[in-house]
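# Structural features, examined
Letter by letter, the chains look like this.
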Amino acid sequence: WDKRGARQNQGNHARQAAQTGYQQVLQQKIMEALLAINDWQSAQQRVTFAREQESQLDALLALVEQRQKTGDLGQIDAELALLTLAQLLNDSADAEAQLAKAGATLKALFPERSTATITIPEAFWQQQRRGVDPAQQVDRHPRVTQALAEWNAAKAQADVAARDAKSDPTVGINGGKSGEDNVVALTLSIPLALRNDYRAEVRAASQEALAAEAHYYQARRQQLALLEGSEAALKAYAGRHERWRTVMQTRVGNSAALLEKQWRTGDLSTPDYLLALKERGESLQAGIELESEWHQAVLEWLLESGQLIDAIERN
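Residues numbered from 1 in each chain as written. Predicted model: local features only at pLDDT ≥ 70, side-chain atom pairs only at ≥ 80, totals over all residues. Heavy atoms only, no water.

Here the structure, examined in full by the defined rule, presents four aromatic pairs. Centre to centre, the rings of Trp151 and Tyr216 are 5.6 Å apart; their planes meet at 25 degrees, and the pair counts as stacked. One end of the pair, Trp151, is in helix 5 (residues 142-164); the other, Tyr216, is in helix 6 (residues 199-264), and 65 residues separate them in sequence. One exposure class covers both Trp151 and Tyr216, and it is buried. Classification of Trp151 as buried rests on a relative accessible area of 12%. Counting every residue linked through ring pairs, the aromatic cluster contains Trp151, Tyr216 and Tyr217. (Phe/Tyr/Trp six-rings, centres within 6.5 Å; stacked < 30°, edge-to-face > 60°. Helix = DSSP H or I, 4+ residues; strand = E, 2+ residues; numbered from the N terminus. Buried < 20%, exposed > 50% of the residue type's maximum accessible area, 1.4 Å probe, protein only.)

A few words on helix 7 (residues 270-304). Taking 1.5 Å per residue, 35 residues should reach 51 Å; helix 7 reaches 51 Å between its end C-alpha atoms and fits that length. Downstream of helix 7 by a residue or two, Gly306 has a phi angle that is positive, lying close to 75 degrees. (Expected span 1.5 Å × (residues − 1).)

In terms of burial, strand 2 (residues 181-189) is largely open, as just zero of its nine residues are buried. As paired elements, strand 1 (residues 170-178) and strand 2 share nine bridges and run antiparallel to each other. The partner of Val171 across the bridge, within strand 2, is Leu188. Between strand 1 and strand 2, which pair antiparallel one after the other, the connecting turn spans two residues, and Gly179 there sits at a positive phi close to 70 degrees. (Pairing = 2+ DSSP bridges.)

Turning our eyes to something else, we now look at the environment of Val138. Locating Val138 in the fold gives a position in helix 4 (residues 134-139). Given a relative accessible area of 0%, Val138 falls into the buried group. Considering only alpha carbons, one finds Val138 and Leu277, 139 residues apart in sequence, at a separation of 48 Å.

Let us look at the nonpolar core. Formed by 38 residues in total, the largest nonpolar core has its most connected members in Leu34, Phe124, Trp125, Leu299, Leu302 and Leu308. Elements represented by at least two residues in this core include exactly helix 1 (3-70), helix 2 (75-109), helix 3 (122-126), helix 5, helix 6, helix 7 and helix 8 (308-314). With nine residues, the single largest contributor to this core is helix 1. Discounting residues that sit within four places of it in the chain, Trp125 has contacts with Asn38, Ile120, Trp294, His295, Val298 and Leu299. (Core = buried A, V, L, I, M, F, W, Y, C linked by side-chain atoms within 4.5 Å. Contact = heavy atoms within 4.5 Å.)

Quick look at the structure:
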């Protein structure tokens, strides 16, 4: 009945399922590491910007006090500057705390490397290819290929159970002498499955194969939905991030100097100047947050499309 061949076929599919399961776990670990690096880089940007704002307000406070002595500004302007600086100090402390937490997470993942040397190059985010048929990407995803391999292994197990239910005949040949005559005896023994015909085992194996088939189609549908959702999110974040860069990148650098110039010349009152600085800071913080979320969307799409390992190898 070639029972040995059936078991070998089952073993091959089980090994393939284990290999694809390993790829799935590997992708999750890589995803965890990349998200930690992205959080670390975003926290660094927030701290750098918070320190710049803090230094800028320190200089502003010195100017306010100087102009207050000369009578150009009143006490209320100095109080507003102090209140703004106090709020900014709290924001800076929060940014420093987030950076410390992100650094601790990164050090736990990469204990033998300095956090200063761990970065994701900008080219990684720009070179990701899209536009591939989602159905083809899903069929190559480790989660789906693992479910398919498990289904094939279950079918092979059902085949093994069906063959094990068949009796193994025993053929024997004996030779000897009977007086002066040479005698050859041929014996054939066929076990009769009277007490146990193994139908229950065969039925159970067949049901497990049907369950594995249902699990495969369910995994494929779910993965397709996850892929389509991650691709839609990526398009949304990529478009908004590119628009933010186009609108704000050239303006943000000059806005601080322009606002200070208008305040010095008296075209802008101190409350309006502080409000404008606050809005500028919130815009920059929003840009940092938008970039971080765009990076997360790229990673999610790479994970759900099964291309995360390939993207790492290309970089």
